[in-house]
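Descriptive structure summary
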Amino acid sequence: MSSHAPTELPPHAQAVLAEVAPAHLPRQELIGHHRGFAWITDKVCSIVEAETPTWWWVAFSVVCLVASFTVVGLVYLVTTGVGVWDHANPINWAWDIVNFVFWIGIGHAGTLISAILCLFRQKWRTSINRAAEAMTIFAVCCAGLFPLFHVGRVWWAWWLFPLPNANAIWPQFRSPLLWDVFAVSTYATVSTLFWYMGMIPDLATLRDRAKSKAKQFFYGLFALGWRGSNRHWQNYEMAYLLLAALSTPLVLSVHTIVSFDFAVSLVPGWHTTIFPPYFVAGAIFSGFGMVLTLMLPLRAIYKLDDLITQYHIDCMCKITLATGSIVGYAYAIEFFIAWYGANPYEGFAFINRAFGPYAWAYWIMISCNVITPQLFWFSRVRKNTTLVWVLSIFVNVGMWFERFVIIVTSLARDYLPSSWGYYSPSVVELFTFFGTFGVFSVLFLLFLRFLPLMAMAEIKAISPQADPHAGHDHDNSAAHH
Amino acid sequence: MSEHIHGYLAAFDSPADIMHAAERVRDAGFQRWDVHTPFPVHGMDSAMGLRRSRVQRFTLLGGITGFTTGMLMIWFMNGIDYPLMVGGKPMFSPMFAFPVSYELTILFSAFGTLGGMALLNCLPMHYHPVMKAVHWPRATDDRFFVAIDADDPQFDLIRTRAFLREIGGKDIAALET
């Protein structure tokens, strides 16, 4: 629109403009090499339509093997008892809850990209939102496993929901743990709805290109008979905007409620009001770490440089930097308040974190979460894709340790010195957690193989040639040169 | 005459072309017609003369239902049917009932939104005559279509076809019912 302005200005204003000759600052191109609509369709659909590549089978076999660790770990736990996890008083929340918060946090970047950046009209989100939303859903699946099995007798986990049962009792809604059940299950459901709705037009594209009967049937079934009618697009776009507007408070509330699990208790180191914003920032930070970890290899494998440009990577790095800085600031403020609040237990909890028996974990957390993102200030770092990928791994590691530090150090040094302990995970816990990376990757590889990796319709809609006034603008800019 | 076909489908090559075509069809006074595009074309709603979408009514309905459900459920379960004293806290208070009601508000609103979208768009509708056209597959790829239904009061086998050609339509096809 702004490019129309010069012709609409009065003559004297135009004269001033001509004299000042303001620099022409073009918007960053979101699609490299001026790719057209058909190219975008072919590029994204070819990922699904091509023969299954060899690397996919290799990767799939490996991650299935990794995923089996979780399966075996959980089967062993169910058949033996929850004691196979080395939880003991006072550390009854350990790896399971650490892993739960870790995975659920990873999911948050997907919702940030699809919902919050949509409300902010950040057009670069379109190339990565589909994969990031898939990541959200799969991460929530992995997260859900841990509290589900931590209840001990998993076949009674449905008691968490307000369903009538033989004991004629109802859940106790004063507990933040129950709020968490609702927050996480709502999050999983709404994320899936949002993901699916965004995919409908692209499923229609795959349906119209499908050669085999099976593909025509399944893509056709899930495309709901989408035919790109503008009367439909109008309702669709409104619904999309509304879902974005609903997901935004949802994603903020989910990690807020996760942090309530801790903040509403009376354990030193947990009982702080900074937790909700600090957890949300940390979640988005870790999620962007994971988005980078996933998208950079995909960009290289499928040669998606024209759709995920350097500008996209810059944007992701900058959000990682911003949220990482918030996390670093939160660490500092926690310490300050522990001192300023003059509560001896709180003060001890924080001194103990940094210099106690778990100091090693604390300093891993600080170096990964506070120092690593600061490197993204430099454009040379952001342009080095390999380095960005390595740093994104550090972010993932750091954020896992953050949850470990918060949960385990606080419990290991409770009020009663006689019950103090030192927790380290059992082999079963180690393998169960290790396996969730396999579970996540299995789901992600299947997504890659059968569903459109990128939101084709959305990418087309933000491309320069999608603007019905594009020709008009061209005339203007041509006149200026 | 017009009972034998469902309508005409005309192709256009660019968003600008389809915009101008839609404006012409709107100004010619057609009622039962549509535009099929691979992505939402910005400004098409006014070019077609559409009224604002009504999806948000379903969202609001869902939200109100969700919040009320949450509050009533918790009040009934913890306050009436199974009162349990925990830490001297009240049996029911909107404060502790709020987080769950808040989540249910969002959950029901999301279902309302998606359901409302499907209802207003009459989806799922797995068959539609436009999909049978030879040029159809590119409607979800890179081409833009105007479809005028045969049951439009102004529809005429010969004149509507000529009109579509006049506004720049290519590959004009009669749609089978």
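Residues numbered from 1 in each chain as written. Chains lettered and ligands numbered in written order. Predicted model: local features only at pLDDT ≥ 70, side-chain atom pairs only at ≥ 80, totals over all residues. Heavy atoms only, no water.

**Let's talk about the overall build of chain B**
Scanning chain B from terminus to terminus reveals five helices and four strands. From first element to last, N terminus to C terminus, chain B shows the α and β order β-α-β-α-α-α-β-α-β. Relative to the 2.2 N^0.38 estimate, which gives 16 Å for 177 residues, the radius of gyration of chain B is 25 Å and therefore markedly larger than a compact globule would have. For chain B, the C-alpha atoms occupy an extent of roughly 80 × 30 × 30 Å along the three principal directions. When burial is assessed residue by residue, chain B has 50% of its 177 residues classed as buried. Long-range pairs, those at least 24 residues apart, make up 79% of the contacts in chain B between residues at least 6 apart in sequence. (Helix = DSSP H or I, 4+ residues; strand = E, 2+ residues; numbered from the N terminus. Rg over C-alpha atoms; globule rule 2.2 N^0.38 Å. Buried < 20%, exposed > 50% of the residue type's maximum accessible area, 1.4 Å probe, protein only. Contact = heavy atoms within 4.5 Å.)

**With respect to the layout of surface pockets**
Leftover empty space is mapped by rolling, across the atoms, a probe with the size of a water molecule. Roughly 690 Å³ of internal volume is contained in the second largest pocket. Lining the second largest pocket are 26 residues, with Arg231(A), His232(A), Asp34(B), Leu50(B) and Leu120(B) positioned closest to its centre. For the lining of the second largest pocket, the elements supplying multiple residues, two or more each, are helix 9 (230-263) of chain A together with strand 2 (33-36) and strand 3 (144-149) of chain B. Ranked by residue count, the leading element in the lining of the second largest pocket is helix 9 of chain A, at four residues. Taken together, the residues of the lining of the second largest pocket sort by class into eight nonpolar, 10 polar and eight charged. (1 Å grid on protein atoms, 1.4 Å probe; cavity = no way out; pocket = protein on both sides within 12 Å on 5 of 7 lines; lining within 4 Å. Points joined across faces, edges and corners; volume = space filled by probe spheres on them. Nonpolar A, V, L, I, M, F, W, Y, C, P; charged D, E, K, R; others polar.)

**Concerning the domain arrangement of chain B**
Splitting chain B by domain gives domain 1 (2-52 + 122-176) and domain 2 (55-120). For domain 1 of chain B versus domain 2 of chain B, the separation of C-alpha centres amounts to 43 Å. (Domains from an automatic or database assignment.)

**Quick word on the side chain of Thr372(A)**
By the element assignment, Thr372(A) lies in helix 13 (residues 359-374). Setting aside chain neighbours within four positions, we find Thr372(A) in contact with Ser367(A), Leu391(A), Phe394(A) and Val395(A).

**Concerning helix 10 (residues 275-301) of chain A**
Here helix 10 of chain A is 27 residues long and its end C-alpha atoms lie 39 Å apart, about the 39 Å a rise of 1.5 Å per residue gives. Taken across its 27 residues, helix 10 of chain A has 23 buried, putting it largely inside the fold. (Expected span 1.5 Å × (residues − 1).)

**Observations regarding the pattern of salt bridges**
Under the defined criterion, the tally for this structure stands at 18 salt bridges over all chains. For the salt bridge of Arg35(A) with Asp306(A), the shortest nitrogen-to-oxygen distance reads 2.6 Å. In this pair, Arg35(A) is assigned in the loop between helix 2 (11-20) and helix 3 (37-49) and Asp306(A) in the loop between helix 10 and helix 11 (310-340), connecting sequence segments 271 residues apart. The exposure class of Arg35(A) is partly exposed, given its relative accessible area of 26%. For Asp306(A), a relative accessible area of 9% corresponds to the buried category. Put simply, Glu49(A) and Arg209(A) hold a salt bridge, and the shortest N to O gap is 2.9 Å. Taken together, the positions of Glu49(A) in helix 3 and Arg209(A) in helix 7 (residues 176-209) put the pair 160 residues apart, joining distant regions of the chain. Judged by its relative accessible area of 30%, Glu49(A) is partly exposed. The class of Arg209(A) is partly exposed, set by a relative accessible area of 22%. Taken together, the salt bridges that share partners define one network made up of Asp13(B), Arg143(B), Lys170(B) and Asp171(B). (Salt bridge = Lys/Arg side-chain N within 4 Å of Asp/Glu carboxyl O.)

**What about unusual backbone geometry?**
Backbone phi values are negative for most residues with the exception of glycine, while trans is the configuration of most peptide bonds. A cis geometry characterises the amide bond from Asn89(A) onward to Pro90(A), with omega recorded as 0°. Omega for the peptide link from Leu123(B) to Pro124(B) comes to -5°, which places this bond in the cis form. By the element assignment, Pro124(B) lies in the loop between helix 4 (94-120) and strand 3. Phi is positive for Ala21(A), close to 50°, though the residue is something other than glycine.

**Focus on the interface of chain B and chain A**
Frequently, the measure chosen for interface size is the accessible area removed from exposure when the parts meet. Residue-level contacts link 66 residues of chain B with 55 residues of chain A. Summed over both partners, the interface of chain B with chain A buries about 5,600 Å², with 66% contributed by carbon and sulfur atoms. The interface formed by chain B and chain A contains one salt bridge. Here chain B is connected to chain A by 28 residue pairs in polar contact (both at pLDDT 80 or more). (Buried area = accessible area lost by both parts, 1.4 Å probe. Polar contact = N/O pair within 3.5 Å; in protein donor to acceptor, adjacent residues only side chain to side chain.)

**Quick word on the packing of aromatic side chains**
Taken as a whole and judged by the stated rule, the model has 66 aromatic pairs over all chains. Each ring, one from Phe37(A) and one from Phe144(B), has its centre 6.0 Å from the other, and the planes form 70°; the classification is edge-to-face. Of this pair, Phe37(A) sits in helix 3 while Phe144(B) is found in strand 3, placing the two residues in two different chains. Since its relative accessible area comes to 0%, Phe144(B) is described here as buried. Each ring, one from Trp95(A) and one from Phe433(A), has its centre 5.7 Å from the other, and the planes form 85°; the classification is edge-to-face. One end of the pair, Trp95(A), is in helix 5 (residues 95-119); the other, Phe433(A), is in helix 16 (residues 427-450), with 338 residues separating them in the sequence. The exposure classification of Trp95(A) matches that of Phe433(A), with both residues buried. We note Arg231(A) situated over the ring of Trp33(B); from NZ or CZ to the ring centre the distance is 6.0 Å. (Phe/Tyr/Trp six-rings, centres within 6.5 Å; stacked < 30°, edge-to-face > 60°. Lys NZ or Arg CZ within 6 Å of the ring centre and 35° of its normal.)

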